[in-house]
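Examination of the molecular architecture
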Amino acid sequence: MFRIGLLSDTHGLLRPQALAFLRGSDHIVHAGDICDPAILDQLAALAPLTAVRGNNDFGPWAERLPETCVADIGGLRLCVLHDLAQLRLDPAAGVQVVVTGHSHKPRIAREGGVLYVNPGSCGPRRFTLPIAAAELLVDSGEATARIQELV
């Protein structure tokens, strides 16, 4: 079993509950709106990290992050980007999982054989949306996703 911790929209706040949830991950994916590069250091101390830039990430540190990343992690091909509306998925890319953020709304859906996961926001609360993160569990090349409310 390979565990990929998923988070997005920290907006400069990495809650202790999020760190606790991510501990034990084999890899961590942050889908943008990080807003503080120290968060990337904290996450990278837990596990290998893949991160993309969100629409609120600015400065030299953010410019070093890609807007979209396709990566092979845990035997899966993932596409990571901040805003799902900007997805330009080439079916030939063989992507099995798309990880996004931006909306702050946790969501898991399967469409056309692709698993879409938005872990929601684990940063400052926005409106009445939950504070959440997610995980991908990979077993024999098959992924299942789970959203975890944190507070």
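This text gives an overview of the structure that appears in the document. None of these values were measured; they are calculated from a predicted model.

This paragraph deals with the overall build of the protein. The number of helices and strands found in the protein is three helices and 10 strands. Each helix and strand of the protein, ordered N terminal to C terminal, gives the series β-α-β-α-β-α-β-β-β-β-β-β-β. Over its C-alpha trace the protein gives a radius of gyration of 14 Å, about what one expects of a compact globule, namely 15 Å for 151 residues. With respect to the three principal axes, the spread of C-alpha positions in the protein is 35 × 30 × 30 Å. The burial tally for the protein puts 50% of its 151 residues in the buried class. Excluding contacts between residues fewer than 6 apart, the proportion of contacts in the protein whose partners are at least 24 apart in sequence is 43%. Only carbon and sulfur atoms are counted for the fraction: they give 52% of the accessible area of the protein, which is about 7000 Å². Separation of charge centres in the protein, based on 13 positive and 16 negative side chains, amounts to 5 Å.

Moving on, we come to the nonpolar core. One finds Leu 7, Leu 14, Ile 34, Leu 43 and Leu 150 to be the most contacted residues of the largest nonpolar core, which totals 20 residues. Looking at this core, the elements with two or more residues in it are α1 (16-22), α2 (37-44) and α3 (60-63). Considering each element in turn, this core owes the most residues, four residues, to α1. Once residues lying within four places of it in the same chain are set aside, the contact partners of Ile 34 are Thr 10, His 11, Gly 12, Ile 39, Leu 40, Ala 51, Val 52, Asp 57, Trp 61 and Leu 65. Residues Leu 6, Val 52, Leu 115 and Ala 143 belong to the second largest nonpolar core, which totals 19 residues.

So, on to the sheet that holds strand β6 (residues 97-99). Taken in spatial order, the five strands make up an open sheet running β4-β5-β6-β8-β7, and their pairing is mixed. On the outer flanks of this sheet lie β4 (68-73) and β7 (107-111), each paired with one strand and no other. Here the strands of the sheet are splayed against their neighbours by 20° on average, with no regard to which way each runs. Examined bridge by bridge, β7 and strand β8 (residues 114-118) share five bridges and lie antiparallel to one another. Its bridge partner being in β8, Arg 110 is matched across the sheet by Leu 115.

What follows deals with the sheet that holds strand β10 (residues 142-149). Spatially, β3-β2-β1-β9-β10 is the arrangement adopted by the five strands of the open sheet, whose pairing is mixed. At either end of the open sheet lies a strand with only one pairing partner, and these are β3 (49-51) and β10. Ignoring which end each strand starts from, the neighbouring axes of this sheet average 20° apart. As judged from the three bridges shared by strand β2 (residues 27-30) and β3, these two strands associate in the parallel manner. Looking across to β3, one finds that His 30 is bridged to Ala 51. Against the sheet, α2 contacts β1 (2-7), β2 and β3, and its axis sits at roughly 150° relative to β3.

Structurally, Asp 57 is set in the loop between β3 and α3. Although Asp 57 is buried, it makes no salt bridge; Arg 53 carries the closest opposite charge, 6.8 Å away. In this structure the side chain of Asp 57 is engaged in a polar contact, spanning 2.9 Å, whose partner is the backbone nitrogen of Asp 33. Within the structure, Asp 57 has its side chain in polar contact with the backbone nitrogen of Ile 34 (distance 2.8 Å).

The rules behind the values
- Residues numbered from 1 in each chain as written.
- Predicted model: local features only at pLDDT ≥ 70, side-chain atom pairs only at ≥ 80, totals over all residues.
- Heavy atoms only, no water.
- Helix = DSSP H or I, 4+ residues; strand = E, 2+ residues; numbered from the N terminus.
- Rg over C-alpha atoms; globule rule 2.2 N^0.38 Å.
- Buried < 20%, exposed > 50% of the residue type's maximum accessible area, 1.4 Å probe, protein only.
- Contact = heavy atoms within 4.5 Å.
- Areas by Shrake-Rupley, 256 points an atom, 1.4 Å probe, with all protein chains shown as cover.
- Lys, Arg positive; Asp, Glu negative; His and termini not counted.
- Charge placed at Lys NZ, Arg CZ, Asp CG, Glu CD.
- Core = buried A, V, L, I, M, F, W, Y, C linked by side-chain atoms within 4.5 Å.
- Pairing = 2+ DSSP bridges.
- Axes fitted to C-alpha atoms, helices over the stretch in contact; angles between N-to-C directions.
- Salt bridge = Lys/Arg side-chain N within 4 Å of Asp/Glu carboxyl O.
- Polar contact = N/O pair within 3.5 Å; in protein donor to acceptor, adjacent residues only side chain to side chain.

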